Structure formats: structure tokens, C-alpha cells
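Listed below, chain by chain, are the residues.
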Amino acid sequence: MASSEDAFRKFAMWKKSRTVLSLTIFTNFGMPDIWLGSITSVDEQQELVEFADDATRDLRTLDLRGASFAIAERSVEVMRASEESRIVFKEGLVS
């Protein structure tokens, strides 16, 4: 597992470079929620990331407090035990 500092460093880099990301939110409640867009705000102190969907311009604020992170070269996976969910940020289009 990676540190939250490393994950937020990656989120900030993606925000600064306006990297197109697919955001997939998996829960125990059914189909994953998939967004395609970019990170618009990163607050490392509050452990919040805001994501904007390119097609709809909808914003989603993700509370990542207490999460654990797995970082790869082109992705970050977030596990939130409190909400029994997994979030995957991945560079480029959904595969």
C-alpha cells in the first residue's frame, strides 16, 4: 500500500496537467459508476478530490479520509473500508 501523500501527489500532478482520467466507483450495491473527465480540485489536508465529468460537467467530491491506496504508473486505486467501496482513477479511456 502507498501513502496518502504519494496518492495526493499523483492527484495534484494529474490536476495540474489536466490529464483525462476514467473514474470508476465500485460498491457492493451493483453496477460501477463510471465517469470520464479530470480532477478539478485537490485538498490534501482534508483528503478530498473533486472530479468533473467531461460530458455532463457534473462534479463529484470524493472523501478519501482513512482510505488506503495502491499506486501504479498510470492509475491509483483507493479502498474505503468505511463505505465498502473501491475507486479507481486511471489515465485515458475506460478499458
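Predicted model, so just to flag it, every value in this text is computed and none were measured.

A. Seen up close, the confidence of the model for the protein chain. Averaged over all residues, the pLDDT of the protein chain is 91; the fraction at 70 or higher stands at 95%. Taking the mean pLDDT of every element in the protein chain, the minimum, 92, falls on strand E1 (residues 21-27) and the maximum, 97, on strand E3 (residues 48-53).

B. Summary view of the pattern of salt bridges. Applying the stated rule across the entire model yields six salt bridges. In this structure, Asp-6 engages Arg-9 in a salt bridge whose closest nitrogen and oxygen atoms are separated by 2.8 Å. Placement of both Asp-6 and Arg-9 in helix H1 (residues 4-17) is noted, with a separation of three residues, approximately one turn of the helix. Residue Asp-6 is classed as partly exposed on the basis of its relative accessible area, which comes to 32%. For Arg-9, a relative accessible area of 52% gives the class exposed. A salt bridge links Arg-86 to Glu-77; its shortest N-O distance comes to 3.3 Å.

Reading the values: rules and limits
Residues numbered from 1 in each chain as written. Predicted model: local features only at pLDDT ≥ 70, side-chain atom pairs only at ≥ 80, totals over all residues. Heavy atoms only, no water. pLDDT = per-residue confidence, 0-100. Helix = DSSP H or I, 4+ residues; strand = E, 2+ residues; numbered from the N terminus. Salt bridge = Lys/Arg side-chain N within 4 Å of Asp/Glu carboxyl O. Buried < 20%, exposed > 50% of the residue type's maximum accessible area, 1.4 Å probe, protein only.

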